[in-house]
Amino acid sequence: MRKTKGIAVVTGIVALTTLTQCFTEKQNEGQRLYEANCQSCHMEDGSGLRNLIPPIAGADYLQKHREELPCLIRHGIEGPMVVNGQEYDRPMPGLETMRTDKITNLLNYIQTNFGNNNERYTLQEVGQLLESCPPHQH
């Protein structure tokens, strides 16, 4: 009986540790995705690259184009865009294979960091916005 309780306690501790790590990893997933996919162009502090790549730090574009952002992440963008009154015209590659949940985490990280205090996305909202993306030309 004592051995069974010991096994149950150990199993419970392992399960709790695993769950805690899952939630912690998910919590930091947006940051990791940004570092892996966006930081090389938009910089560690979100300031962009001079007059070539727009900033995401304090960017008015994030609020003005909220409904377009999931499609922008998935398919990229070509053509001019105006961010904080400055025009930028460099193509941004999309992350075509990134899952909806990861796009949601990435967007929420961007929306709530770099001096941004914008509304967070829900998974359902991002899914709906991705379904309505305009056709993308490769």
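Look above for the structure.
The structure presented is a predicted model; accordingly, all values stated were derived computationally and were not measured.

J.: Quick question: what am I supposed to make of the overall build of the chain here?
T.: Each helix and strand in the chain was counted, giving seven helices and four strands. Each helix (α) and strand (β) of the chain, taken in turn from the N terminus, gives the series α-α-α-α-α-β-β-β-β-α-α. When the 138 residues of the chain are sorted by exposure, 33% land in the buried category. For the chain, the proportion of contacts with a sequence separation of at least 24, taken over those separated by at least 6, is 54%. Just so you have it, the chain exposes about 9300 Å², and 54% of that area is on carbon and sulfur atoms.

J.: When you look at the state of the cysteines in this model, what are you seeing that I'm missing?
T.: Note: disulfide means a covalent bond formed between the sulfur atoms of two cysteine side chains. Counted by the stated rule, this structure contains one disulfide. Free cysteine: cysteine 38, not disulfide-bonded; nearest cysteine sulfur from cysteine 41 at 8.6 Å.

J.: What is the right way to read the pattern of salt bridges from this model?
T.: A side chain of one charge can pair with a side chain of the opposite charge when the charged atoms of the two come close. Per the stated rule, a full pass over the model turns up four salt bridges. One salt bridge in this structure joins lysine 64 and aspartate 60, with 3.2 Å as the shortest N-O distance. Assessed through its relative accessible area of 23%, aspartate 60 is described here as partly exposed.

J.: I keep staring at helix H7 (residues 123-131) and nothing clicks. Help me out?
T.: Count 3.6 residues to each turn of an α-helix, and residues three or four apart come out pointing the same way. Every buried residue of H7 is accounted for by Val126, Gly127, Leu129 and Leu130. Seen from one end, H7 has its buried residues packed into an arc of 165°, which puts them on one side. Away from its buried face, by an angle of more than 90 degrees, H7 presents the exposed residues Gln124 and Glu131. For H7, the secondary structure elements touched by its buried residues are helix H5 (69-75) and helix H6 (100-111).

J.: Would you mind going over the packing of H6 against H7 with me for this structure?
T.: When two helices pack together, their arrangement is given by the angle between the helix axes and the distance between those axes. One way to put it is that H6 packs onto H7 with a least axis distance of 9 Å and a crossing angle of 110°. For the element pair H6 / H7, the angle class is roughly perpendicular. Between H6 and H7 lies a crossing of right-handed hand. Listed contacts from H7 to Thr100, Asp101, Ile103, Thr104 and Leu107 of H6 are Leu123, Val126, Gly127 and Leu130. Across the contact of H6 with H7, the residue classes tally to five nonpolar, three polar and one charged.

J.: Can you walk me through the nonpolar core in this structure?
T.: Across soluble globular proteins, nonpolar side chains have a tendency to be buried as a group. Core analysis: the largest hydrophobic core is formed by 26 residues, its most contacted members being Tyr34, Ile103, Leu106 and Leu107. Of all the elements in the fold, those that place two or more residues in this core are helix H2 (29-37), helix H4 (61-64), H5, strand E2 (81-83), H6 and H7. Ranked by residues supplied to this core, first place goes to H6 with five residues. Not counting the four nearest positions on each side in its chain, leucine 106 is found in contact with Gly30, Leu33, Tyr34, Cys38, Ile73, Leu95 and Met98.

Reading the values: rules and limits
Residues numbered from 1 in each chain as written. Predicted model: local features only at pLDDT ≥ 70, side-chain atom pairs only at ≥ 80, totals over all residues. Heavy atoms only, no water. Helix = DSSP H or I, 4+ residues; strand = E, 2+ residues; numbered from the N terminus. Buried < 20%, exposed > 50% of the residue type's maximum accessible area, 1.4 Å probe, protein only. Contact = heavy atoms within 4.5 Å. Areas by Shrake-Rupley, 256 points an atom, 1.4 Å probe, with all protein chains shown as cover. Disulfide = S-S within 2.5 Å. Salt bridge = Lys/Arg side-chain N within 4 Å of Asp/Glu carboxyl O. Arc of directions from axis to C-beta. Axes fitted to C-alpha atoms, helices over the stretch in contact; angles between N-to-C directions. Parallel < 35°, antiparallel > 145°, perpendicular 65-115°, else oblique. Left-handed = near helix turned anticlockwise from the far one by under 90°. Nonpolar A, V, L, I, M, F, W, Y, C, P; charged D, E, K, R; others polar. Core = buried A, V, L, I, M, F, W, Y, C linked by side-chain atoms within 4.5 Å.

Geometric descriptors of this kind do not, in isolation, establish any biological role.
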